[in-house]
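A closer look at the structure
Here's the letter readout for the chains.
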Amino acid sequence: MIANLVQLAAEEEQNPLVPPGPELLVGTIAFAIVFFFFWKKLLPNINKVLEERRAAIEGGIEEAETMKVEAQSVLEQYKAQLAEARHEAARLRQEAQEQGAALIAEMRAEGQRQREEIVAAGHAQIEADRKAASSALRQDVGKLATDLAGKLVGESLEDHARQSRVIDRFLDELEEKAEAGR
């Protein structure tokens, strides 16, 4: 058997890299049919899918760029609003401080006015009390002086009009001496 194979191989002495003619013709026709099928049917579908993919990628990139520009715009608006809010807050703080200072000044002025009213009322009350005490003292001193004078003179000085004039003149002289001594 091996001998038969060796003999067959020697008879055919053909190059193993080059196929026989009829095989080469059948292979070429089969290749042309497959190539034609790929070229007419498969290649347009592949190109269509690749074109769709390229368009989707480019659309995605454009959309991403648009979104990036929009996000940058929104960020700028946010920063502007934040700066405006900070400015408004600072203005409100300043305004509140000014109002607080004005309120404090107003309250101090009101307190000063009330203090002056209280002091004036106190002085008026003291003056009224002094006059009442002076009047009561005049009456008491007058009565005591009349009684004493009546005991010294030996007669009663019950005339009220004369008694009042004498007492008033005496006390006025005492006040003038006291004021002159100051």
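Bear in mind the structure is a predicted one, so any value in this text is a computation, not a measurement.

What counts as what
- Residues numbered from 1 in each chain as written.
- Predicted model: local features only at pLDDT ≥ 70, side-chain atom pairs only at ≥ 80, totals over all residues.
- Heavy atoms only, no water.
- Helix = DSSP H or I, 4+ residues; strand = E, 2+ residues; numbered from the N terminus.
- Buried < 20%, exposed > 50% of the residue type's maximum accessible area, 1.4 Å probe, protein only.
- Areas by Shrake-Rupley, 256 points an atom, 1.4 Å probe, with all protein chains shown as cover.
- UniProt positions renumbered as here; feature names shortened; annotations may be inferred.
- Salt bridge = Lys/Arg side-chain N within 4 Å of Asp/Glu carboxyl O.
- Patch = residues over 30% accessible without salt bridge, like charges linked within 9 Å, V, L, I, M, F, W, Y side chains within 5 Å.

Looking at the overall build of the protein chain
The number of helices and strands found in the protein chain is three helices and zero strands. Listed N to C, the secondary structure of the protein chain is α-α-α in terms of helices and strands. Considering the protein chain as a whole, with its 182 residues, one finds that 3% of them fall into the buried category. Only carbon and sulfur atoms are counted for the fraction: they give 63% of the accessible area of the protein chain, which is about 16,300 Å².

Digging into the UniProt feature "transmembrane region" (unreviewed entry) in the protein chain
With numbering aligned to this structure, UniProt lists the feature "transmembrane region" (unreviewed entry) at residues 24-43. In this annotation, residues 24-43 is assigned 100% helix and 0% strand; the end-to-end C-alpha distance for the span is 26 Å.

Overview of the pattern of salt bridges
Inspection of every chain in the model, using the stated rule, returns seven salt bridges. Taking the shortest distance from any N to any O, the salt bridge between Glu-95 and Arg-91 comes out at 3.0 Å. Of the two residues, Glu-95 and Arg-91 are both situated in helix 2 (residues 21-153); the distance of four residues between them amounts to about one turn of the helix. Taking relative accessible area as the criterion, Glu-95 reaches 34% and is therefore assigned partly exposed. The exposure class assigned to Arg-91 is partly exposed, which follows from its relative accessible area of 37%. The partner of Arg-130 in a salt bridge is Glu-127, with the nearest N and O atoms 2.6 Å apart. Residue Arg-130 and its partner Glu-127 are located together in helix 2, separated by three residues, close to a single helical turn. Take Arg-130: its relative accessible area is 47%, and that puts it in the partly exposed class. Salt bridges sharing partners connect three or more residues here, namely Glu-51, Arg-54 and Glu-58.

Section: a nonpolar patch on the surface
A cluster of nonpolar side chains, Val-34, Phe-37, Phe-38, Leu-42, Ile-46 and Leu-50, forms an exposed patch at the surface whose accessible area comes to about 530 Å². Along the chain, the position of Phe-37 falls in helix 2. With relative accessibility at 48%, the residue Phe-37 sits in the partly exposed group.

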